[in-house]
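# Coordinate inspection notes
Given next are the chains, with one letter for each unit.
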Amino acid sequence: MKSVLTGKYVEAVGRRKTSTARVRIWGGTKTGTTVNDKDIAVYFPTAEMQAVVHAPFVALEITKLPAVTVKVNGGGMHSQAEAVRMGIARALEKDNKEDR
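These remarks concern the structure in this document. Computed from a predicted model, the values in this text were never measured in an experiment.

## Re the packing of aromatic side chains
With the rule as written, the count across this model stands at two aromatic pairs. Residues Tyr9 and Trp26 carry aromatic rings whose centres are separated by 4.8 Å and whose planes lie at 50° to one another, so their mutual orientation is tilted. Residue Tyr9 is located in strand 1 (residues 9–16), and its partner Trp26 is located in strand 2 (residues 19–26); the two are separated by 17 residues in the primary sequence. When its relative accessible area of 30% is taken as the criterion, Tyr9 is described as partly exposed. On the basis of an interplanar angle of 90° and a centroid distance of 5.0 Å, the ring pair of Tyr43 and Phe44 is categorised as edge-to-face. The exposure classification of Tyr43 matches that of Phe44, with both residues buried.

## Re the nonpolar core
By size, the foremost hydrophobic cluster in this structure holds 23 residues, and its most contacted members are Ile25, Phe44, Val70, Val84 and Ile88. Looking at this core, the elements that each hand over two or more residues are strand 1, strand 2, helix 1 (40–43), helix 2 (47–59), strand 5 (67–73) and helix 3 (77–95). Tallying contributions element by element places helix 3 first for this core, with six residues. Not counting residues up to four positions away in its chain, the partners in contact with Val70 are Ala21, Arg22, Val23, Thr34, Val35, Asn36 and Val84.

## Section: helix 2
With 13 residues, helix 2 ought to run about 18 Å at 1.5 Å a step, and its terminal C-alpha atoms sit 17 Å apart, in line with that. Where helix 2 bends most, at Val53, the angle is about 50°, and the proline Pro56 comes one to four residues later. Within helix 2 the residues assigned to the buried category are Met49, Val52, Val53, His54, Pro56 and Phe57. Those residues of helix 2 that are buried lie in contact with strand 2, strand 3 (32–35), helix 1, strand 5 and helix 3. Backbone geometry just after helix 2 places Glu61 at a positive phi near 55°.

## Description of the pattern of salt bridges
Close approach of charged atoms lets side chains of opposite charge pair. Enumeration over the complete set of coordinates arrives at four salt bridges. One salt bridge connects Arg24 with Glu11, and the closest N-O pair in it is separated by 3.2 Å. Here the residue Arg24 occupies a position in strand 2, and Glu11 occupies one in strand 1, the gap between them amounting to 13 residues. Note that Lys71 is salt-bridged to Asp37, the shortest N-O span being 3.0 Å. With a gap of 34 residues between them, Lys71 in strand 5 and Asp37 in the loop between strand 3 and strand 4 (38–39) connect regions that are remote in the sequence. Beyond isolated ion pairs, a larger network of salt bridges with shared partners links Glu11, Arg22 and Arg24.

## Here's the deal with the pairing of strand 2
Of the two faces of strand 2, the one holding Ser19, Ala21, Val23 and Ile25 is buried and the one holding Thr20, Arg22, Arg24 and Trp26 is not buried anywhere. Pairing of strand 1 with strand 2, which is carried by eight bridges, proceeds in the antiparallel orientation. Within strand 2, the position partnered with Arg16 by the bridge is Ser19. Connecting strand 1 to the antiparallel partner strand 2 that follows it, the hairpin turn spans two residues, and Lys17 within it adopts a positive phi of roughly 55°. Two elements, strand 2 and strand 5, share seven bridges in a ladder whose sense is antiparallel. Looking at the pairing, Ile25 lines up with Val68 of strand 5.

Procedures and definitions
Residue positions are given per chain, counted from 1 along the sequence in the order it is written. Two thresholds apply to this predicted model, a pLDDT of at least 70 for residue-level local features and 80 or more for giving and counting side-chain atom pairs, whereas whole-chain, interface and lining totals are computed over all residues. Side-chain measures were taken over the full set of non-hydrogen atoms in the model, leaving aside hydrogen atoms and water. In this analysis, rings of Phe, Tyr and Trp, with Trp reduced to its six-membered ring, are considered paired at centre separations within 6.5 Å, and the interplanar angle assigns stacked below 30 degrees, edge-to-face beyond 60, and tilted for intermediate values. A run of H or I in DSSP becomes a helix once it reaches four residues, and a run of E becomes a strand once it reaches two; helices and strands are each numbered from the N terminus. To sort residues, take the accessible area from a 1.4 Å probe on protein chains only and compare it with the maximum for the residue type: under 20% means buried, over 50% means exposed, and anything in between is partly exposed. Only buried residues count toward a nonpolar core, which is a set of Ala, Val, Leu, Ile, Met, Phe, Trp, Tyr and Cys residues joined through side-chain atoms within 4.5 Å. Should any heavy atoms of two residues lie within 4.5 Å, those residues are counted as being in contact. Here a helix's expected span is defined as the number of its residues, less one, multiplied by 1.5 Å. A residue's bend is given by the angle between axes fitted to the 7 residues ending at it and the 7 residues starting at it. For salt bridges, the criterion is a side-chain nitrogen of Lys or Arg within 4 Å of an Asp or Glu carboxyl oxygen. A pair of strands is considered paired only if DSSP assigns at least 2 bridges between the two.

If you want it as structure tokens, here you go:
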């Protein structure tokens, strides 16, 4: 897999039902995921929802997670987690077409 570090950041939108997530995967050495300016563990408190969000990284066997910032609104918490998952998957695919 090619690194996500090809530019400043890669941006994509993910949608699920009435939830919309704008996802940016940043290059550089920073790591961590923030959702609506909160740490992922605060915004999605259950391990199940955190696993849903990080599923694209697991599927591509990316062990060192890059910095991810997300703005999400609408719908319920599970729908928002799935919208974030779709946004991350689209951003990774946008960075490297072979990851489709």
